[in-house]
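# Summary of structural features
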Amino acid sequence: MLRTGAAPYLPLPIVGTDRRDLWLVFLLALAVRLAFVLAAYPHVEPSFRTPDGYDAIAANLAAGRGFRLEGSSLAAAERLPLYPTLLAATFLAFGPSPLPWQAAQCLLGALTCVFVLLVARRWASRAGARRAGRRRRSARRWASRAGALAATAVCVLHPTLVLYTARPLTETLYIFLLVLFVHALVTQRWLAAGGWLGLGLLVKSVALLHLVALPPLLPRATFRSLLRAGSVAVLVILPWVGWNVWAYGTPHLLTATGGRNLHQGLFISRRVGWTTPVGELNREADWALWNDMRQARVAWTGDVVLDDAAAGRVAREWIGQHPDVATRLWARNLLLTWYLARTAGSMALHAAVHGVLLLLALVGTVRLFRTPGVRDLAVALALIVGAYTAVHAVIKPGIRYILPAVPVAAMLAAAAFPGARRSALADPAGAVVGEPGRGGDG
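Residues numbered from 1 in each chain as written. Predicted model: local features only at pLDDT ≥ 70, side-chain atom pairs only at ≥ 80, totals over all residues. Heavy atoms only, no water.

The secondary structure content of the protein amounts to 19 helices and two strands. The 442 residues of the protein split such that 52% are buried. Within the structure as shown, the protein displays about 19500 Å² of accessible surface, and the carbon and sulfur contribution to it stands at 67%. (Helix = DSSP H or I, 4+ residues; strand = E, 2+ residues; numbered from the N terminus. Buried < 20%, exposed > 50% of the residue type's maximum accessible area, 1.4 Å probe, protein only. Areas by Shrake-Rupley, 256 points an atom, 1.4 Å probe, with all protein chains shown as cover.)

Okay, here's the thing in structure tokens:
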């Protein structure tokens, strides 16, 4: 963004080559995802059937049976409403076929890649290159453009991002909302940021991690704009919270799954290694929880909230008895969670992809941090990546849970390429890309 003194925020125009790049990214990402859904996923679908229950809740909603999940005492305590509600809408409109909601998720996945490019291109050398000669300016713009496209290509072709467009799980929608939230922060659209944060909280409780990005950006915002953003987020989640308080006496904004997830994370962490895949440990973890609770003489009540709290107590007792082991496992998981997968082949692939991505993201973060006017953005995005890594090193390590950090890391990686030089982030008049100032509410 270009700011001069108290001048209003003006977005970078999308013209010419930029528009072509956006269409290229969108169409390629959409084609890759549709091809996978139509041609590849039907052959591997039996290996990826999930008991998460979002489609079951959606079927109950579409049939008029309410927000219910068989085998659960209270579905509202286990699952947040936005994703199953959207699934239910596709069931009502198109019937039980998965193709409509899969196509919708392909569209969201493609739009996610577009917004990654919109943020990545902001590190491009635009203003500062005006002082250079035509040949030098053209070379620098090409390097910046290539860097933004290369970083975005990670999201376009990422195997797990593509996979989850075909599965009835929250990842595709949640990552799309996270990228919109980051884009709103980068462009200082505080009201939009509040709205995207609120919607994210209706998909996954872990969206609270996004708040770690706000402290570095506080100098950019007025108190009024932050108050309005917070009000928008509250208004978005208010209907769900109000319904739960009225029906059950508790808001259920945070799902009652933290205790089980902590126990499952410990179970998996103790059985995998640097080259040992997860395999079927996710299924085995449920049986292990029941057995551990029985050994601890904790009764399984069948109440979602009570059983989750009991699972958390059992897990914390083990941590208290083996603090050194738990600490070593969590420290190892800071890297392992970026490539821990079901098979050795998948682990090798993701280790290579994420290893390069994280290295470039680190270089990009350092370059941005050394550039006046954008260092707060670099810190904000890096904090999001770090928060997801740290939390899921403890709770449910694995690629699926670190996936939201991938597009954010790709945004940072775009600054690692030669075109995004420090001198290229300031225009001839001294205006700095991303200079702190009074942000708009738009």
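After presenting the structure, the write-up continues.
Okay, a nonpolar patch on the surface next. Taken together, the side chains of Leu208, Leu211 and Leu254 define a hydrophobic patch exposed on the protein surface, amounting to about 250 Å² of accessible area. Tracing the backbone through its elements, the reader meets leucine 254 in the loop between α11 (223-248) and α12 (258-269). (Patch = residues over 30% accessible without salt bridge, like charges linked within 9 Å, V, L, I, M, F, W, Y side chains within 5 Å. Salt bridge = Lys/Arg side-chain N within 4 Å of Asp/Glu carboxyl O.)

Now for the environment of tryptophan 300. In this structure, tryptophan 300 sits in the loop between α13 (281-295) and α14 (304-321). Put simply, tryptophan 300 and alanine 310 are 10 residues apart on the chain and 8.4 Å apart in space, counted from C-alpha to C-alpha.

With that settled, the discussion passes to the environment of alanine 207. Structurally, the position occupied by alanine 207 is in the loop between α9 (190-201) and α10 (214-217). Residue classification places alanine 207 among the buried positions, given a relative accessible area of 0%. A C-alpha to C-alpha distance of 10.0 Å links alanine 207 and proline 404, two positions 197 residues apart in sequence. If we ignore the near neighbours within four places in the chain, the residues touching alanine 207 are Tyr174, Leu197, Gly200 and Leu201. (Contact = heavy atoms within 4.5 Å.)

The next subject is the pattern of salt bridges. Enumeration over the complete set of coordinates arrives at eight salt bridges. Across the salt bridge formed by glutamate 171 and lysine 204, the nearest N and O atoms sit 3.3 Å from each other. Taken together, the positions of glutamate 171 in helix α8 (residues 171-186) and lysine 204 in the loop between α9 and α10 put the pair 33 residues apart, joining distant regions of the chain. Judged by its relative accessible area of 1%, glutamate 171 falls in the buried class. The partner of aspartate 308 in a salt bridge is arginine 260, with the nearest N and O atoms 3.6 Å apart. Of this pair, aspartate 308 sits in helix α14 while arginine 260 sits in helix α12; the two residues are 48 residues apart in sequence, bridging distant segments of the chain. Three or more residues are tied together by salt bridges with common partners; here these are Asp52, Glu171, Lys204 and Arg400.

The next point concerns unusual backbone geometry. One non-glycine residue with positive phi stands out, namely glutamine 188, at about 60°. The topology assignment puts glutamine 188 in the loop between α8 and α9. Residue classification places glutamine 188 among the buried residues on the basis of a relative accessible area of 1%. Unusually for a residue other than glycine, lysine 396 sits at a positive phi of about 55°. When you line up the elements, lysine 396 lands in the loop between α17 (375-394) and α18 (399-402). Exposure remark for lysine 396: the relative accessible area of 17% places this residue in the buried category.

Turning to the packing of aromatic side chains, a few remarks are in order. Under the criterion given, the structure shown has seven aromatic pairs. The rings of Phe67, Trp240, Trp243 and Tyr248 are connected pair by pair, giving a single aromatic cluster. Positioned above the aromatic ring of tyrosine 174, the side-chain terminus of lysine 204 is 5.9 Å from the ring centre. (Phe/Tyr/Trp six-rings, centres within 6.5 Å; stacked < 30°, edge-to-face > 60°. Lys NZ or Arg CZ within 6 Å of the ring centre and 35° of its normal.)

Over its 15 residues, α13 runs 20 Å from end to end, which matches the ideal 21 Å to within 8%, given 1.5 Å per residue. Considered for burial, the residues of α13 that qualify are Leu281, Ala285, Ala288, Leu289 and Met293. Lining the buried residues of α13 we find α12 and α14. At the exit of α13 stands arginine 297, carrying a positive phi of roughly 60°. (Expected span 1.5 Å × (residues − 1).)

Our focus in this paragraph is the packing of α8 against α9. Two elements in contact, α8 and α9, have axes whose closest approach is 8 Å; the angle formed by their N-to-C orientations is 160°. Our classification of the angle between α8 and α9 gives roughly antiparallel. The crossing of α8 and α9 is left-handed. Judged by residue contacts, Tyr174, Leu177, Leu180, Phe181, Ala184 and Leu185 of α8 engage Trp190, Ala192, Ala193, Trp196, Leu197, Leu199 and Gly200 from α9. Considering only residue class, the contact of α8 with α9 consists of 12 nonpolar, one polar and no charged. (Axes fitted to C-alpha atoms, helices over the stretch in contact; angles between N-to-C directions. Parallel < 35°, antiparallel > 145°, perpendicular 65-115°, else oblique. Left-handed = near helix turned anticlockwise from the far one by under 90°. Nonpolar A, V, L, I, M, F, W, Y, C, P; charged D, E, K, R; others polar.)

This brings us to the confidence of the model for the protein. Close inspection of predicted coordinates is inappropriate in any region flagged by low pLDDT. Mean pLDDT over the protein stands at 84; residues scoring 70 or higher make up 86%. Counting interchain partners and residues more than four positions distant, the pLDDT-below-50 stretch residues 1-11 has 29 contacts. For residues 125-143, every residue scores under 50 in pLDDT, and the model assigns this stretch 31 contacts once sequence neighbours within four places are set aside. (pLDDT = per-residue confidence, 0-100.)

Examined against the element boundaries, asparagine 333 turns out to sit in helix α15 (residues 323-336). Excluding anything up to four places from it in sequence, asparagine 333 contacts Ser269, Ala393 and Pro397.

By secondary structure assignment, the location of alanine 62 is in helix α2 (residues 54-62). Distance in space between the C-alpha atoms of alanine 62 and leucine 87 is 8.8 Å, their sequence separation being 25 residues.

Let's shift gears to helix α4 (residues 82-94). The end-to-end C-alpha distance of α4 is 18 Å, a good match for the 18 Å that 13 residues give at a rise of 1.5 Å each. All buried positions along α4 are accounted for by Leu82, Tyr83, Pro84, Leu87, Ala88, Thr90 and Phe91. Close packing links the buried residues of α4 with α2, α5 (99-120), α8 and α9. After α4 finishes, the residue glycine 95 shows a positive phi value of roughly 90°.

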